[in-house]
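In case you want the letters, here they are:
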Amino acid sequence: MGYLACVEKLWDVDVHAASERDVCELIEQCTAQVDATVDRSQLVSSLAVAGAFSDVSMDYVTPRVQVLADKWITDLCSILNLNNLGSCEFNLICTDRVHPYFSEPSTKSQYKLMHSDAQPGLLMGEPKWKKRSQCVGAFMWALSRLDASVMSESVVFVLPVTLALVDDYEYRMQGLRASCLFVRNAEFARRSGTGSVLLSSIRACLVYRSDAPQPHKLLHTAFTAFVVVADAIQVDVQEWWALCDALVVNYGYVSDKIKELRVVSEQISIVCERLGVCVTRYLRAFIGIVTHVLESGICVAELQHVAAEQVTALAKACPQRVCVYVPSVVAALARAWDSADKSSGADKLRDEIHRALASLRETDADAVSRAVRSLQTARPGHFDTW
């Protein structure tokens, strides 16, 4: 079996049914038979197949498969004299290995019911690309290696596939990653309006999904993609307020889930950096989230450490209003201080609480002093370092 035949055999493998051993054997055969005399376009096309088994975001790519695929890629890039992909190579990969699957969705027959006036026709079935996961892997690998400066020359291939992935529940993680890769050329994304199109799709993903395999990772990836794209195209304050809305809504779903609650909490400091004093609009809601984490019975030092960091961020962003909440915030910090003895990372948490207190003192030193004195009176010797 020649090199190209071996490549096509690997491409046609049902990756979700084939064993790791069978896939590895095929990759090794392809690597051993790499032929420098093969036409350049065919070598580039085979590079996409190798890349499809190198992208670890795909569930069928195991560590062993990735190692073997990377070795194959190294050999091909050496022959092709490639470091990054140019628009010609990327467009060829998409034309051969991606576009044929995304341009033709599967359909199924719609039968006419007896005595019905409905006309027979076709209903949309599962997209063709979902039956060939390798095409998604090839796209993700190629996009990650596409020279960002030539993104405008490949946008007709990148944008439709990225939007399709973002809108799909099963492949949303890949779509969000692709969105971040797309806006590496921030000027083009902003000038062409394509970044705004992506942001609209990403905004719809800022919702907690309990049925996802790893809900906290999906939620974190969605928030990260929103921030990356929004920064790249330099959105106005309304878009950041939309992110704040999403944080408040998601908090209602994840208030008792440690990993997801950490994801939501971490975003507060991010919006504080972007909005500054304008975050005051959501200050009461954000203080509620932070104090809930600090006061809750979830004695996880890492989570409480994140919450204490958000106190510092809020105090720096809108000091004129945070002072109103000093008594409740100091009380919440005291609860976290107490619980630090029950969890690992106590020293790190207490250091962060000291920093949060310092930031609060910059907003209203008298209010903080009164709150601390009340605690020291109620529990002598316990808060002396405050």
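Residues numbered from 1 in each chain as written. Predicted model: local features only at pLDDT ≥ 70, side-chain atom pairs only at ≥ 80, totals over all residues. Heavy atoms only, no water.

**Considering the packing of aromatic side chains**
Convention followed: Any two of the Phe, Tyr and Trp rings considered here, Trp counted by its six-membered ring, make a pair once their centres fall within 6.5 Å; the pair's planes then place it as stacked at under 30 degrees, edge-to-face at over 60, or tilted in between. Exposure classes here rest on a 1.4 Å probe applied to the protein chains alone. A residue is buried below 20% of its type maximum, exposed above 50%, and partly exposed in between.
Evaluation of the coordinates by the stated rule reveals 10 aromatic pairs. When the centroid spacing of 5.6 Å and the interplanar angle of 70° are considered together, the rings of F53 and Y60 count as edge-to-face. The exposure class assigned to F53 is buried, which follows from its relative accessible area of 1%. Residue Y60 is classed as buried on the basis of its relative accessible area, which comes to 9%. Plain terms: the ring middles of F383 and W386 are 4.9 Å apart, the flat faces sit at 65° to each other, and that makes the pair edge-to-face. For F383, a relative accessible area of 1% translates into the label buried.

**A few points about the side chain of S87**
Definition in use: Only DSSP runs of H or I covering at least 4 residues are called helices, and only runs of E covering at least 2 are called strands; the numbering of each starts at the N terminus. Two N or O atoms form a polar contact when they lie within 3.5 Å of each other; inside protein one atom must be a possible hydrogen donor and the other a possible acceptor, and for residues adjacent in sequence the pair counts only when both atoms belong to side chains. Throughout, a contact is declared for two residues whenever any of their heavy atoms are within 4.5 Å.
Tracing the sequence through the fold places S87 in helix α5 (residues 87-102). Residue S87 is classed as buried on the basis of its relative accessible area of 10%. Side-chain polar atoms of S87 contact the side chain of E153, separated by 2.6 Å. With residues near it in sequence (within four places) discarded, S87 still touches L146, V150, E153 and S154.

**Examining helix α7 (residues 155-166)**
Heads up, the rule is: The span one expects for a helix is its residue count, reduced by one, times 1.5 Å.
Taking 1.5 Å per residue as the helical rise, α7 with its 12 residues ought to reach 16 Å, and the 16 Å between its terminal C-alpha atoms agrees with that figure. Within α7, 9 of the 12 residues are buried, which leaves it mostly tucked inside the rest of the structure. What α7 keeps buried is the set V155, F157, V158, L159, V161, T162, L163, L165 and V166. In this structure, the buried side of α7 is in contact with α5, α6 (133-144), α8 (172-182), α9 (186-192) and α10 (194-203).

**Comments concerning the state of the cysteines**
Filter applied, for reference: When the sulfur atoms of two cysteines come within 2.5 Å, that pair is taken as a disulfide.
Under the criterion given, the structure shown has 0 disulfides. With no disulfide of its own, C205 has C180 as its nearest cysteine by sulfur position, at a separation of 11 Å.

**Describing helix α4 (residues 63-80)**
Since the α-helix advances by 3.6 residues per turn, residues separated by three or four positions end up pointing in the same direction. Compared with an ideal rise of 1.5 Å per residue, which puts 18 residues at 26 Å, α4 spans 25 Å between its outermost C-alpha atoms and is within 8% of the ideal. Of all the positions in α4, only V65, L68, A69, W72, I73, L76, C77 and L80 are classed as buried. Along its buried surface, α4 packs onto α1 (3-11), α2 (20-32), α3 (40-52) and α6.

This is a description of form; function is not addressed.
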